[in-house]
Structure formats: structure tokens, C-alpha cells
Amino acid sequence: QAAWNLKTRALTEMVYVDEIDMDQEGIAEMILDENAIAQVARPGTSLKLPGTSQGGGPSPAVRPVTQSGRPITGFVRPSTQSGRPSTMEQAIRTPRTALTARPITSASGGYIRPGTASMLTNPDGPFINLSRLNLTKYAQKPKLAKALFEYIFHHENDVKNALDLAALATEHAQFKDWWWKVQIGKCYYRLGLYREAEKQFKSALKQQDMVDTILYLAKVYLRLDQPVTALNLFKQGLERFPGEVTLICGIARIYEEMNNISSAAEYYKDVLKQDNTHVEAIACIGSNHFYSDQPEIALRFYRRLLQMGVYNCQLFNNLGLCCFYAQQYDMTLSSFERALFLAENEEETADVWYNLGHVAVGIGDLNLAYQCFKLTLVNNNDYAEAYNNLAVLEMRKGHTEQARALLQTASSLAPHMYEPHFNVAILSEKVGDLQRSYTAAQKSEEAFPGHVDTQQLLKQLKEHFAML
Amino acid sequence: MPEGTGALREVLPKQGTGGQHRPALPARRAARSPPSSPFAGQLSVEDTATMVLCKPKILPLKSVSLEKLEKLQRAALEAAQPPEAAPPPSA
């Protein structure tokens, strides 16, 4: 029995991903969401509406934005949402899986893959045959039951059986065991029954106050698109668990998702006061400083990460960028070289080449910049920013038609970015095609209403049209 | 990385006349006075709209959970491939 227990737990541990983090929302869940209470949420109360940037922070003129209009963050987790896509087409375009760019259609799709992995690693068939299992018998042995539940839930991904086992076990424990309530809550969450999950977590909390339960409950609220409730929950939790890093971090994440960058930064700083090795907080504050025109401070933060032993492509890329903009030119190129060496796939390589292109533009070597952006496209053909920047370079050389073609590609790949639209507007105005310029300028204004140059261009064009 | 905000920008501050009491000339559009000219004064440059570059990208770091997920997905993909690779050679 002990050996069986050990093997079960070992197999679970192989594929265990902390449920608190694990949160892939499929397209079906996003589009067919029945949990929304109001048709249009009040500003500041919903995660799905992209920022009305209430908390200040760098505008899209300075900081790149993602598909949903939210600025890119310093840290990405399995649950980093990208907001509700407005059309089905946009939803399909958004990369949702961790690895490939193909979106997952519904949440079960993501979980099946780890499950099949387990079946493939056991060539003689699954270790535990679920259909022949007598759940009632196991439910009565709490220690075995718990290991078995985790195995079924994480390794086999069979939520229904896991739920049955948990329900039987809870009954056996006369509803006094908080652990089983939490597990039932997790099962309900996976099945999409969020209100029931909420009830289970709340009752588990009443019985035994645990940080984990608070985190799970907050996840439920976030999935129900009630960030303010989640925030209140975290703040109450902090009263009972003062200084608990995961709770503070949770608050900071919610503020970041709601585009309230200044509050998020404040809470990340609180996290660092409690735990100054917290990678997520350091990365997010670093990226905020970089985009607030303070690359030297960002450099300090990223150096701290290096001190802690983080050693990957993204960190060296960021170090290179910060060194360059902080005018520490000796470190720049070697950091980028290291980043290229550490890149694990073509998308990361493309990102590094893109940033190298920026460095080249900064030193004035436009040929090098041209080559860097071309290399970006070689590695990732869908890199909209590279197309845009190549168009700007072509325009400098006077190749108008090529620039126009590149800009068209850029704007179709990334309609949420204002730069390609604005550049098309400028280009068309120079050439004299005022109608096209006007439509492009309007699209640019839609993407970034605060852009002064766009507004001036529109004013000029309107005056011109009024004269006609 | 500031964006230009006005149509006309002062590039140089008004230079002092250094002991000679000569009034500074009014700004001329996109005109630059030669350095040796006695009319050194305010220089303004007309701000025609120029194309904008997309901004440099700070890459987000990945969490431990995300890396583990990616590793699992990659392993699953690779495990799924050999069974497909096996039948064609035997066929």
C-alpha cells in the first residue's frame, strides 16, 4: 500500500502544475460567457474592458500594447489574460497556448494534452485503471483517497471521476474536512460551475482559514469578471495573514490587469519589501521603469534578477535594452549576444533581433538596422512591428511603394497598433492620396486616441476637405 | 522617447548677445543662420509629421508554472510524433 501511495504521488508530481496558476481560458468560454452580470461594465470594475488607463503610466506612444489594448507586462503566467476579443476572428488570432500560436478552442483542450502525456509515458497502459476502480472503497481510506484524487485530477485529467471521489470522501468525513471541500471546489472550477465552486471555497474558508483557499476563491471571482470582489477578498485576507506575499502579489496582478499601473507598482513594491527575491515583482517594476523613461533604474532591477540566478533569453534581452538606453554601451552587445545564444525558439530569436534593430537605429547604422529587422522577419514572419520599422527605413531611402506594401502587412497583422496606421496616413498625405490618409488616420486615432500628431493630421485634412 | 507636440519647436534657446546690444531677429521658418552671421538668435524648426517607429520590446519573463507547462506540452507533442513516424517507414 505504501508503495502504491508513493508511486501515485510520484506520477502526479511529474505533471503537477499548481492549480492556482493554471488557468487557460478557451475561446468558447470567452465568447459564450454566461456569467456576465451587466452588458457593459462600469469602468474600473471589469477585467475584460481594456484600459481606460486610470492609474497613469506610459501611453501607447511609449509602451507597446498587446492585442486587447493592454500594455505588455513584465511577467507572463499561464493565466495572463488578454481580455475579451470582440470578434470571433480576433479570438482565433490571439495566441492562447503556451507553446504554439494556435489557440485552444475550449479549456478541456489544454488539459487533455498533459493527460495523454501520462498515457504515453506508461507504455503498458495506465498505472491505475479508473473504470475498474471502486471509488467508495477508496473514499473511506482518507490517506489513500487524497493521493488518488490528486492523481486522477492532475495526471489523468478526469474531472468527473475526481469529483465523484471527492464527493464520496467528503460525505465520509461528514463534511468536516476542509481539504475535500477545496478539492470539490477545484473540480467545479474546471467544469465551469463557478458559483458552486465559490460556495465550496467559502465553506472551506469558514472551517479553516488557509491562504490557498483564498487564492482559489479569488481565481473564481476573476473568472466571473469581478475583480473588485477579488480585491476585497485579498485585502481581508491580508488582515488575517499580514504580509503574505502571495496575497499582495495577487492584488498587484489584478491592478495590472485592470490597467492601473501605478497601484500595481505600489503593491509590487510591497511584495519586494516582504520578499526581495520575488521574480515577478522585480520583472514588472523593471519594465515599468523602463517605459517610464528610467532605464538605469530598470537596469538595477534586472541586474538583481541576474544576481538571483535567472538565466534566460528574455532577461539578457532586457538587460541589453536597458544598458543601451542607460548609455552603458560596453554591456549592450554582449548581453544581446548572450540572449541570442539562449533563445529556445524562433520567436525569442525574432524578439532579440527586433530589439537589436532598435539599437542599430539608435546608433545611426541604418544598414545594420535594416538587416536586423529582416532577420526578425526571417525568424518570425508575423512580426508586425518589424514590418512597420522596415517600412520607415524604406521610406527614408525613398522606396514609397515598398514602404506602403510593408505597412499594409503590418496593419493587417496588428490592427490594434496605431503606428502602421499613422505611417500609412503620413505616406498617403505626402503622395497626395488624402482619402486614404484620412481613413488611416482615423484608424490610428481609434487605436490610440491620445496621439497628438494624429489629431493634428486629422485637423489638417479636415480643413483641406472643408476647403474643397 | 518624447513625441513632438507642436508645429514649431524651439531648438536652441535665445542666445545672449554677449555684450553687444543687438536685438535678436525673429525666427525664420526652417531657416538656419550661418554661425558667423551677426544675426545669431532663436532657431525654430518646423515640425512636419514624420513616420513613427514601433517601440523596443521588453520581453516578459516566464513564470515557473508556464515553463513547466511548456515543457509538458513539448514532451506530449514529441511523444505523439514517433508513433506517426514509425508506420511510414514500415509501409
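Residues numbered from 1 in each chain as written. Chains lettered and ligands numbered in written order. Predicted model: local features only at pLDDT ≥ 70, side-chain atom pairs only at ≥ 80, totals over all residues. Heavy atoms only, no water.

Per an unreviewed UniProt entry, chain B carries the name BBIP1 protein and comes from Donacobius atricapilla.

Per an unreviewed UniProt entry, chain A is named TTC8 protein, and its organism is Donacobius atricapilla.

A short note on the overall build of chain A
From N to C terminus, chain A includes 24 helices and one strand. Counting across all 468 residues of chain A, residues that qualify as buried make up 52%. Contacts in chain A between residues at least 24 apart in sequence constitute 57% of all its contacts with a sequence separation of at least 6. Total accessible area on chain A is roughly 21,900 Å²; 52% of this is exposed by carbon and sulfur atoms. (Helix = DSSP H or I, 4+ residues; strand = E, 2+ residues; numbered from the N terminus. Buried < 20%, exposed > 50% of the residue type's maximum accessible area, 1.4 Å probe, protein only. Contact = heavy atoms within 4.5 Å. Areas by Shrake-Rupley, 256 points an atom, 1.4 Å probe, with all protein chains shown as cover.)

A short note on the packing of helix H6 (residues 142–156) of chain A against helix H8 (residues 178–191) of chain A
Residues and elements named next belong to chain A. Relative to each other, H6 and H8 sit at 15 degrees, their axes nearing to 12 Å. With respect to their mutual orientation, H6 and H8 come out roughly parallel. Crossing of H6 against H8: the hand is left-handed. From H6, Ala145, Lys146, Phe149, Glu150, Phe153 and His154 reach across to H8, where they touch Trp179, Trp180, Gln183, Lys186, Cys187 and Arg190. In the contact of H6 with H8, the residues fall into six nonpolar, two polar and four charged. (Axes fitted to C-alpha atoms, helices over the stretch in contact; angles between N-to-C directions. Parallel < 35°, antiparallel > 145°, perpendicular 65-115°, else oblique. Left-handed = near helix turned anticlockwise from the far one by under 90°. Nonpolar A, V, L, I, M, F, W, Y, C, P; charged D, E, K, R; others polar.)

A word on unusual backbone geometry
Residue and element names in this part refer to chain A. Unlike most non-glycine residues, Asp225 shows phi in positive territory, near 60 degrees. Inspection of the secondary structure assignment puts Asp225 in the loop between helix H10 (211–223) and helix H11 (227–240). Asp225 sits in the buried class, given a relative accessible area of 18%. The backbone of Gln327 shows a phi angle near 70 degrees, a positive value even though the residue is not glycine. As for its placement among the helices and strands, Gln327 is situated in the loop between helix H16 (313–325) and helix H17 (329–342). Using a relative accessible area of 58% as the deciding quantity, one classes Gln327 as exposed.

Examining the side chain of A:Asn157
Residue and element names in this part refer to chain A. By secondary structure assignment, the location of Asn157 is in the loop between H6 and helix H7 (159–172). Overall, Asn157 belongs to the buried group, its relative accessible area being 16%. Of the polar contacts made by the side chain of Asn157, one reaches the side chain of Arg190; its length is 3.3 Å. (Polar contact = N/O pair within 3.5 Å; in protein donor to acceptor, adjacent residues only side chain to side chain.)

Thoughts on the nonpolar core
By size, the foremost hydrophobic cluster in this structure holds 109 residues, and its most contacted members are A:Phe234, A:Tyr302 and A:Leu305. Residues lining this core come from more than one domain, with at least three contributed by each of domain 1 (1–33 + 69–88 + 130–225) and domain 2 (389–467) of chain A. Excluding residues that lie within four positions of it along the chain, A:Leu305 makes contacts with A:Val279, A:Ile282, A:Ala283, A:Val310, A:Leu315 and B:Leu61. Among the nonpolar cores identified, the runner-up in size contains 20 residues, and A:Leu133, A:Leu148, A:Ile152 and A:Phe153 belong to it. (Core = buried A, V, L, I, M, F, W, Y, C linked by side-chain atoms within 4.5 Å. Domains from an automatic or database assignment.)

Comments concerning the packing of aromatic side chains
Residues and elements named next belong to chain A. Counting across every chain of the model gives 16 aromatic pairs over all chains. Note on Tyr189 and Tyr194: the rings are 5.5 Å apart at their centroids and 65 degrees apart in plane angle, and the pair reads as edge-to-face. Tyr194 sits in the buried class, given a relative accessible area of 8%. Their ring planes at 10 degrees and their centres at 5.6 Å tell us that Phe201 and Tyr216 sit as a pair that is stacked. You can see Phe201 sitting in helix H9 (residues 194–207) and its partner Tyr216 sitting in helix H10, a full 15 residues away along the chain. Residue class for Phe201 comes out buried when judged on its relative accessible area of 1%. The exposure class assigned to Tyr216 is buried, which follows from its relative accessible area of 7%. (Phe/Tyr/Trp six-rings, centres within 6.5 Å; stacked < 30°, edge-to-face > 60°.)

What about the environment of A:Tyr188?
Residue position: A:Tyr188 is located in helix H8. On a C-alpha basis, the gap between A:Tyr188 and A:Lys160 in space is 9.5 Å, while along the polypeptide they are 28 residues apart.

Considerations on the interface of chain B and chain A
Between chain B and chain A, the contact holds 33 residues from the first and 65 residues from the second. Buried area between chain B and chain A, summed over both chains or domains, comes out near 4,600 Å², and the portion from carbon and sulfur atoms is 66%. In terms of surface lost to chain A, no three residues of chain B exceed B:Met51, B:Ile58 and B:Leu61, which account for 19% of the buried area on that side. At the surface where chain B touches chain A, the tally comes to five salt bridges. Residue B:Lys57 pairs with A:Asp351 through a salt bridge whose shortest N-O separation is 4.0 Å. Our count for the contact surface shared by chain B and chain A stands at 14 residue pairs in polar contact (both at pLDDT 80 or more). (Buried area = accessible area lost by both parts, 1.4 Å probe. Salt bridge = Lys/Arg side-chain N within 4 Å of Asp/Glu carboxyl O.)

Examining helix H22 (residues 418–431) of chain A
Residues and elements named next belong to chain A. Spanning 14 residues, H22 covers 20 Å between terminal C-alpha atoms, matching the ideal 20 Å at 1.5 Å per step. Most of H22 is tucked away: 11 of the 14 residues are buried. Where H22 is concerned, the buried positions are Tyr418, Glu419, Pro420, His421, Phe422, Asn423, Val424, Ala425, Ile426, Leu427 and Ser428. In this structure, the buried side of H22 is in contact with helix H20 (384–397), helix H21 (400–413), helix H23 (434–447) and helix H24 (452–467). Looking one or two places after H22, you find Gly432, whose phi comes out positive at around 110 degrees. (Expected span 1.5 Å × (residues − 1).)

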